[in-house]
Amino acid sequence: MSTLTHSGTTPEPDEETEPTSVDLDITGMSCASCAARITKKLNKVDGVQATVNYATSKAHVLTTGPVSVHDLIEVVEAAGYGAAMPEPAAPPEDHAAKIRNKLIVAVILAVPVMLLSMIPALQFDGWQWLALALTLPVVFWCGAGFHRAAWTNLRHGATTMDTLISLGSLASLGWSVWALVWGNAGAIGMRHHMTWALQRPDPSSAIYLEASVGVITFILVGRWIEARNRAEAGSALQALLQMGAKSVRVVRDGQEVTVPIEALKVGDHFVVRPGEKVATDGRVVEGSSAIDASLVTGESLPVEVAPEDDVVGATVNTSGRLVVEATAVGTDTELCRIASLVEAAQTSRSETQDLADQVSSIFVPTVLAIAVLTMIVWGLLGQGVTAAFTAGVAVLIIACPCALGLATPMALLAGTGRGARLGIVIKGARSLERARDIDAVAMDKTGTLTTGQMAVTQVWDESGRAVSISDNPPVLGVAAALEAGSEHPISRAVVEACPGIAPAKDFRALPGLGVSGVVDGLPARAGRVSLFDAIPDELSKNVEQAQAEGRTVLVVGRGDDILGAIAVSDEIKPEAVIAVKRLLGAGVRPVLVTGDNSGAAARVASELGIDEVISEVMPEDKVDVVKRLQADETRVAMMGDGVNDAAALQAADLGVSMGTGTDVAIAASDIICTRGDPRLAVDALSLAHATDRTIRQNLFWAFAYNVVAIPVAAVGLLSPVIAAAAMAFSSIFVVTNSMRLVRWHPEVSDSN
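The following refers to the structure shown. Because the structure is a prediction, the values reported are computed rather than measured. (Residues numbered from 1 in each chain as written. Predicted model: local features only at pLDDT ≥ 70, side-chain atom pairs only at ≥ 80, totals over all residues. Heavy atoms only, no water.)

1. Regarding the sheet that holds strand β18 (residues 505–510)
Within a beta sheet, neighbouring strands are joined by backbone hydrogen bonds and run either parallel or antiparallel to one another.
Stage number 1. Pairing is antiparallel in the open sheet, where seven strands are placed in the order β17-β16-β22-β21-β20-β19-β18. Each edge of the sheet is formed by a strand with only one pairing partner; in this case those strands are β17 (466–467) and β18.
Stage number 2. Relative to strand β22 (residues 561–572), strand β16 (residues 450–461) is paired through eight bridges, and the arrangement is antiparallel. Its bridge partner being in β22, Val-459 is matched across the sheet by Ile-566.
Stage number 3. Sheet strands touched by helix α16 (residues 489–497): β16, β21 (552–558) and β22. Its angle to β16, the strand with the most contacts, is close to 60°. (Pairing = 2+ DSSP bridges. Helix = DSSP H or I, 4+ residues; strand = E, 2+ residues; numbered from the N terminus. Contact = heavy atoms within 4.5 Å. Axes fitted to C-alpha atoms, helices over the stretch in contact; angles between N-to-C directions.)

Spelled out as structure tokens, the structure:
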């Protein structure tokens, strides 16, 4: 696929031309509805197919007509937002830090204003003028983003919660300034007479500065937490890019020369020593070894490679020295293809928007209509312009929901704090949103349901009879002596099963077959069946059965005798059985999706009770599997722990990673189980539901208290104490309701 450049030139129309793609950095968005508005504007352009993601502040555009980057930027700017081509070299802008700085200033200035306005005992002579001086920077500097967003929305005939925040804070400030300068509120010695009685206040002596600073401060708290979560959205790509090798030893004129990875070209031969990462995708031209590809491909067992075999960049060479010919470099590698899949999944827009914005699409226009209607009615009743204006402004003041800024972050803090104590990390409101109504869980095998480490699982003697590993049978002792000279992961598993055995003498590695040496004065061998002329029939049947189940089998012989065989495999976590049972009990469909071979996948699925198995899939195939499951309106969660799972974790409705996995998988997920216990994934779904339910309750009451008081304001009975009480009570409810999550417990005690 070709890529647009920033030349601004317009290509000639060509029906045969492939679609061109471009990504743009978008600035000025304040909510999910902004992303929807930009998407709509871009898609109105002929030949343009665009998606805008609020979480990552990016637009992904496909064009099939004569449209340049300059044209696309103009469309975005005409909509009232900013757009530019990404600059990879430039450090990413820290939006969370900017909001944090404004929040700190807002808290320092707003707290004295709120205390002075709401507690008569603190009101000294001239207090109201000090409160005004402290309010101005909060409204106009700390709240500048809300005002800009409201103006942008107004230009396009739209209203969001920013509209109400801006109007409410400016209306309460404007009225307060009028009362201070032209009314009686500015008189030295003025006090707020705090009464709960519903009575018409003197408009010229009532000020509402606490409402101005309160709403901006509370909502800045929510925006700061949201900005921190948005900053994590691109961390999966960063982790992927950091996985690759930074330098490589290239063979030039028979000598090994270390060069930066950027200098590697297709066709170059490079050296990979034991323990090193393979620098890029290539083909082995010299040497043999075992490659650990579990992080990239999901293959649980190390893969034996020899000349003419392909290897993938970022995999790890576990044993022998290799010389590899580079077949792909830069953006053409498997690792970069996975990165592009993750980016595509991040750019795709969520089906649901912020609940606050959904409510605001109805609530905000309704409040504005009530305010206007209130002024009209008061004017028709002959109450005068001042009284009519006072009542209309009072509606805007009381309708501005101060607790809205606490509704989501307080529930998140309580829920995520409880989750952290249980070993569950939830990455914000979007994660909770995606946890609703999960119908199926696609589960990776290696490292998620299994330990991800090789271990001896079965031992047979020469007759094919199973023997106990704890009895230290001769077959295991001879195998351990032979494998003590190898660094292969399977060799280490055998040695760990029978520690303290003296290494064999005259050790030799037999590439592709096994190992040999001298044990107790006799020649001995351990490895593939093909290493031996013949083995007993019963033993042969057990070997074939174990191999069909995806286990690696070593046949062991000494002298002229066959001693038996040893099966090595990646074993199932005991907790995985309970996790699958709980999912099935909750009516959630488990699906095993793995890059491992069909035999190993079928064995694990059978032991866990999973009916649906999809094996031998590449990273892009995992994404396709998730999308196929989603195609019939199934909401899918993905559980994984490797690089190969990253794109699928992003594409799923909910990504759940094991904390014992890679940084890439953790960064790409929505929920992290820190202990690597799959039972925690089930707890995470339950906790996410509980937290999401609390957020919805908070949002309802954040509006409800104010809605109840709107009629009071409309009939002209709003006093400063009622305005302050509505703000305080709604905030108190939000806090106490959220704190219930601190006492939340999983329904099944065995998950802990």
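Continuing now.
2. A look at the pattern of salt bridges
Oppositely charged side chains may form a pair once their charged atoms are brought near each other.
Stage number 1. Summed over all chains, the structure comprises 19 salt bridges.
Stage number 2. Across the pair Glu-256 and Arg-321 runs a salt bridge whose closest N-O atoms are separated by 2.9 Å. Placement of Glu-256 in strand β6 (residues 255–260) and of Arg-321 in the loop between β12 (316–317) and β13 (322–326) is noted, with a sequence separation of 65 residues between them.
Stage number 3. You can call Glu-256 partly exposed: its relative accessible area is 33%.
Stage number 4. For Arg-321, a relative accessible area of 39% translates into the label partly exposed.
Stage number 5. With a shortest N-O distance of 2.9 Å, Glu-612 and Arg-589 are connected by a salt bridge. Of the two residues, Glu-612 sits in strand β24 (residues 612–614) while Arg-589 sits in strand β23 (residues 589–593), which places them 23 residues apart along the sequence. (Salt bridge = Lys/Arg side-chain N within 4 Å of Asp/Glu carboxyl O. Buried < 20%, exposed > 50% of the residue type's maximum accessible area, 1.4 Å probe, protein only.)

3. Considerations on the pairing of strand β9 (residues 289–292)
Stage number 1. Relative to strand β10 (residues 303–305), β9 is paired through three bridges, and the arrangement is antiparallel. Looking across to β10, one finds that Ile-291 is bridged to Val-303.
Stage number 2. Where β9 lies against β12, two bridges are found, and the strand directions are antiparallel. Bridge pairing links Ile-291 to Asn-317 in β12.

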